[in-house]
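# Geometric and topological summary
Residue strings, one per chain:
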Amino acid sequence: MSKKITVGPVGYMPQSAPSMGVELSPKGQALLYGNIVTEEEAMRDAAKALLTMANPTIFPGPQVLWDWKDDVAEKSAAILDLAAEIPNCRIIPMPDYRPKYPKIDAEAEINPNHPNLTILHNKIKAAIFIGVHCHYANLSLRMIRAGTDCYTIAMCAFMGHEEAMASIRDVHAEDVLRFKDILVQVRNELGIEWTAKMPPENPSLPKEDWGTLTPADYGEYRSLLMSKKGEHIADVE
Amino acid sequence: MSLRYMIPVSKFKKYLPKDYVELVDYGPFGKDYSDVGVKNMGTYKELVEEHPMCSGCWMAYYIKIIFASLPNPEDTVTIGTAGCGRLAISQAAVPFIYGNYGDQNAMASGITRAFRLRFPDRHKDVITIAGDGGMMDIGFSMTMHAWFRRERFTTIMLDNEVYGNTGGQESGMSMEGAILKMSPTGKKFGKMPAMQLAITAGCVYVVKMSPTNINKASKAIRRAIFAARTLGPTFIHAYTSCNIEYSIPTNDVFRDAKEMEKGRFAFEEYMTPEAKELFAQIESKNKREVS
Amino acid sequence: MSLNKTLVDMDYLLKEAPREKHFITGAQAMAEAVKRASVDMAIAYPITPQSEVMHLVGDIFAQGHIKEYYRAEEELGTMSAIAGAARAGVRLFTATSGPGLLRGLEAIVSWPGHRVPCVLGVLTRVVNAPLSIQPDNIEMAYLLHSGIVLLHAENQQDTFDMTLAAFAITEKVDVYIPVAVATEGFFVTHAKGYVDMTSEELAFNEPDPYAAPVPAMDNEVPPARIQRDAPVQKSNFMSYLIHSVWQQEIWDSNKRAMKYIYQYLGGPIEVQNPEADVFVLASGCAAAQAREAHRYAQEEGLSVGFIKVKAIRPFPKEEIRTALKNATTVIIPEHNIIGWLAAEVKAAIPNSGIVVDGPRVYGGMTLPVELIMEQVYMALGMKSETLQA
């Protein structure tokens, strides 16, 4: 199989995958390196990338981070089940799409206007995009292919993404779990030993004992959160 | 239930960046204005915090007041245009739409009508926030016609009497005689009578003010939003100085705003009898509602 | 007012639903399509020269087929209000003409980048000075580089079918940019033709504002912190690449529309007599005259091919290149002075020397079939004097 879309960096001014002739896969099929393949084949290659490349990361987007409709909780739970099975996986969310002022915390979040910053800062070599609106996912995936050597996997609720190395379409909770099963299978085939473990929580969240937290513990964020006069913040979480 | 879209999936909460978690736990969404309004600024997670406005910017201060005054931030959309204001507005935790130059009131006409189609039983507050250039020059026709058509949304003009973001050119709201870029020999005509235009065009509630008192500023904003829900267009003309282009030392920005309050931005409030009745109802129902 | 309609998908509506023949104008055909498209909102402006389309849409609003309708202040206000309403996730329609299109152009060319799905009727008129209200499609040239999907209707039937298809194409998750349906003012909009129409009891499924590549701005879908679409570049905290890939995304979306043009309209071109050496290639109303030329040629026993271009954006480069592979001459009649279609075809084929630039008519002139036949005779060596195109 010749690879139409390869792991980057492809250069300063990337050519878009559709302009290189890549077309979205029909229902029931997937894209792997720009070619239409079975879902199983794409999932196996994606699983292998997540298991063998450094710092595998899941980038969940707004559609799975917020509980805005009934089927989200189930899908989100499935994503976390998947994350637990990927050795040393991290979760770095894309909580919104605005150009954020003054800058993002590259360890805590990824932003579609410069997704390469988070990838490069954390030396991420394989990543999943899920729950990101298609327009922003396409922009991000293209910029990542342009400037990083990250293997990208798109798990899209709609039609998939030409720019990703592996693109799975019409993804719902059960498809995430199916991918998890395939990943475990590939992991066993590769002889990688791993006990399911949840990824570490967001590094921007304070590690202090909540019971004794004071505004001073918020350091540079102090101005963003102040207790009321005489109030002691104790009921976080 | 609209609040759902800002509540994280519980299992994902610990993977969210801190400022988003705080926005939900300590933000104003779904809470009472008396706890999370202008009077309590600094004690809760505000909707607009970090922004790239200039030091001492009176507009940035007023924008913070606007967001702290929203009666229903979880059901509010703001619309703006080119200018300084959008730099801060676009960082707020409220959806913001930016179209083309000066088109904010036309966009708002479209979106408020669409909201009323999709959510006939609910209020979705639409507020256009733009500068004097965006409202009274390039967007003049769209501003005026939205009012003539009685479109039910709130228009807030941030009047700094100059094109601040593009480097200090004369605007229709600059003072007669002002020497600015594009008026090298001084402006040849006076400020456009925005308040009178709004009244003539059919706004049901109109305020002109220099927002030196946050409670008073907030009250006007909330009244404008409440009246726009059912009665018709509302307009606030606020003085938000440009300390850069008018060379106002940072320390004197507040003093300048106070002086304006005694002069051409003396507080004026216009309301139709229907608006007056509405405010009486709202404000008697909850004494704390509008202070 | 609520009318009881059966909602169906676009494949059924366009390809399977029973049809009845009507004799109506192009403007009526466009309005009839709008009637069957479950349109939420239409915004009108009556600049001269408007066609009747937006009056008729006003009538069908009054009859309850559309939920909201108003006359805006002018085209920039109209097109901006469309952009605003689109953010709230409703289905939208407007139409304009010539100078009105240019007046609204600032907003129109920003629709694709803002991911505004809507259908725009373009009923072409003269835009040059001195003012005229006659047909001339030069205004379409201004849309070619906007990112918008642009279809060109030959007649009243096309106007009906393309307008309906446009509503389905514009809302596809992988497209989600506006679709313009253009046709010639007067020649099509004011003239009657036969149109096979579906029953008005059938209407296109309602839109799903959440099946979209961007979040609706309705306070119902995350993220709460969202802007659409303030400048993405602010020198100190942004990259310039974002704007480049954004532009690419618009043109990719335009390209992705092609598969739906195949699905709903049977493809971007129609070819008759593909074995011919000499072709007449045209779009819109000129295609009707080119079709006539093809018929004349057949009657005279001459082998002349005919190609009608239905999609101007995305432009069917591959299809045209293949269709003209063995052609020795391609005559391109147009209703404008600049010959934008000829330029597009020349850029699409390796041997642009085979293109005959014209005949062209403009400023309201009609396009007699004889003018095209002159070129056919010359191409076939039956006539030798040079005719100015």
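Residues numbered from 1 in each chain as written. Chains lettered and ligands numbered in written order. Predicted model: local features only at pLDDT ≥ 70, side-chain atom pairs only at ≥ 80, totals over all residues.

Time to look at the overall build of chain C. Per the secondary structure count, chain C includes 13 helices and 17 strands. For 389 residues, the compact-globule formula gives about 21 Å, and the C-alpha radius of gyration of chain C, at 21 Å, lands near that figure. Dimensions of chain C, computed from the C-alpha atoms along their principal axes, are close to 70 × 55 × 45 Å. Residues classed as buried in chain C amount to 62% of the 389 residues present. Look at the contacts in chain C between residues 6 or more apart in sequence, and 82% of them connect residues 24 or more apart. (Helix = DSSP H or I, 4+ residues; strand = E, 2+ residues; numbered from the N terminus. Rg over C-alpha atoms; globule rule 2.2 N^0.38 Å. Buried ≥ 20, exposed ≤ 12 C-beta atoms within 10 Å, placed from the backbone. Contact = placed C-beta atoms within 7 Å.)

Our focus in this paragraph is the overall build of chain B. For chain B, the count of helices and strands is 11 helices and 7 strands. In terms of overall size, chain B behaves like a compact globule, its C-alpha atoms giving a radius of gyration of 19 Å where 291 residues would be expected to give roughly 19 Å. Taking all 291 residues of chain B together, the buried fraction comes to 55%. Of all intrachain contacts in chain B linking residues separated by at least 6 positions in sequence, the fraction that spans at least 24 positions is 68%.

Further remarks concern the sheet that holds strand S6 (residues 119-124) of chain C. All names here are of chain C. Within the open sheet, the 7 strands sit side by side as S4-S3-S5-S6-S8-S7-S15. Their pairing is mixed. Across the chains shown, the open sheet's two edge strands, defined by having one partner strand only, are strand S4 (68-71) and strand S15 (311-313). With strand direction ignored, the average angle separating the axes of adjacent strands in the sheet is 20°. Across 4 bridges, strand S5 (residues 92-96) lies against S6 in parallel orientation. (Pairing = 2+ DSSP bridges. Axes fitted to C-alpha atoms, helices over the stretch in contact; angles between N-to-C directions.)

With that settled, the discussion passes to the sheet that holds strand S3 (residues 57-60) of chain A. Residue and element names in this part refer to chain A. Spatially, the 7 strands line up as an open sheet ordered S2-S1-S7-S6-S5-S3-S4, and their pairing is mixed. At either end of the open sheet lies a strand with only one pairing partner, and these are strand S2 (35-38) and strand S4 (90-91). Inspection of the sheet shows strand S1 (residues 29-32) paired to strand S7 (residues 166-168) by 2 bridges, in the antiparallel sense. Paired with leucine 32 across the bridge in S7 is alanine 166.

Residues and elements named next belong to chain C. What helix H3 (residues 53-62) keeps buried is the set Val53, Met54, Leu56, Val57 and Phe61. Buried positions in H3, seen along its axis, are confined to an arc of 155° and lie on one side of it. In the core, the buried residues of H3 are packed alongside helix H2 (26-35), strand S3 (41-44), S4, S5 and S6. Residue glycine 64 follows H3 closely and has a positive phi angle near 100°. (Arc of directions from axis to C-beta.)

Another point: the packing of helix H5 (residues 134-147) of chain A against helix H9 (residues 241-265) of chain C. Across the interface, H5(A) lies against H9(C) with an axial gap of 9 Å and an inter-helix angle of 120°. Classified by the angle between their axes, H5(A) and H9(C) sit oblique to one another. Judged by the sense of rotation from one axis to the other, the crossing of H5(A) with H9(C) is right-handed. Residues His135(A), Asn138(A), Leu139(A), Arg142(A), Met143(A) and Ala146(A) of H5(A) lie in contact with H9(C), whose contacting residues are Leu241(C), Ile242(C), Val245(C), Trp246(C), Gln248(C) and Glu249(C). (Parallel < 35°, antiparallel > 145°, perpendicular 65-115°, else oblique. Left-handed = near helix turned anticlockwise from the far one by under 90°.)

Further remarks concern the interface of chain C and chain A. Listed per partner, the contact involves 28 residues of chain C and 30 residues of chain A. In terms of residue count, H9(C) provides more of the side of chain C that touches chain A than any other element does, 10 residues in total. Among the residues forming the side of chain C that touches chain A, the class breakdown is 16 nonpolar, 4 polar and 8 charged. (Nonpolar A, V, L, I, M, F, W, Y, C, P; charged D, E, K, R; others polar.)

What follows is about the domain arrangement of chain C. All names here are of chain C. Taken domain by domain, chain C consists of domain 1 (6-204) and domain 2 (269-379). Each of domain 1 and domain 2 was reduced to a C-alpha centroid, and the two centroids are 26 Å apart. On the domain 2 side, the residues contacting the 23 residues of domain 1 number 20 residues. Broken down by element, the side of domain 1 that touches domain 2 gets its largest block of residues, 4 residues, from strand S7 (residues 149-152). The residue makeup of the side of domain 1 that touches domain 2, split by class, is 14 nonpolar, 6 polar and 3 charged. (Domains from an automatic or database assignment.)

As a further point, take unusual backbone geometry. Looking along the chain, the bond that leaves Gly8(A) and enters Pro9(A) is cis, with omega of 0°. For Pro9(A), the location among the structural elements is in the segment before S1. Cis geometry marks the peptide bond from Gly358(C) to Pro359(C); its omega dihedral reads 5°. Here Pro359(C) is to be found in the loop between strand S17 (355-356) and helix H13 (369-379). One non-glycine residue, Asn219(C), lies in positive phi territory at about 60°. You can see Asn219(C) is positioned in the loop between strand S10 (202-204) and strand S11 (227-228). Even without a glycine there, the phi angle at Asn273(C) is positive, about 55°.

The next subject is the interface of chain C and chain B. Of the residues lining the interface, 35 residues belong to chain C; the matching set on chain B comes to 32 residues. Contributing elements (two or more residues each) for the side of chain C that touches chain B: helix H4 (75-87), helix H6 (105-108) and S11 of chain C. At 9 residues, the largest contribution of residues to the side of chain C that touches chain B is made by H4(C). Looking at the side of chain C that touches chain B residue by residue, the classes come out as 15 nonpolar, 7 polar and 13 charged. Direction of pairing for strand S2 (residues 96-98) of chain B relative to S11(C): parallel, over a ladder of 2 bridges. Along S11(C), the bridge assignment pairs Ile97(B) with Arg228(C).

This brings us to the nonpolar core. Residues and elements named next belong to chain C. Residues Ala42, Val57, Phe279 and Val280 are the most contacted members of the largest nonpolar core, which totals 280 residues. Here the element with the most residues in this core is H9; it accounts for 11 residues. Residue contacts for phenylalanine 279: discarding those within four places in its chain leaves Gly305, Phe306, Ile307, Leu324, Ala327, Val330 and Ile331. (Core = buried A, V, L, I, M, F, W, Y, C linked by C-beta atoms within 7 Å.)

Attention now goes to the pairing of S1(A). All names here are of chain A. With 4 bridges connecting them, S1 and S2 associate as antiparallel partners. When the bridges of S2 are listed, glutamine 29 appears paired with threonine 38. Here S1 hands over to S2 after 2 residues, with tyrosine 33 in that stretch at a positive phi of 50°.

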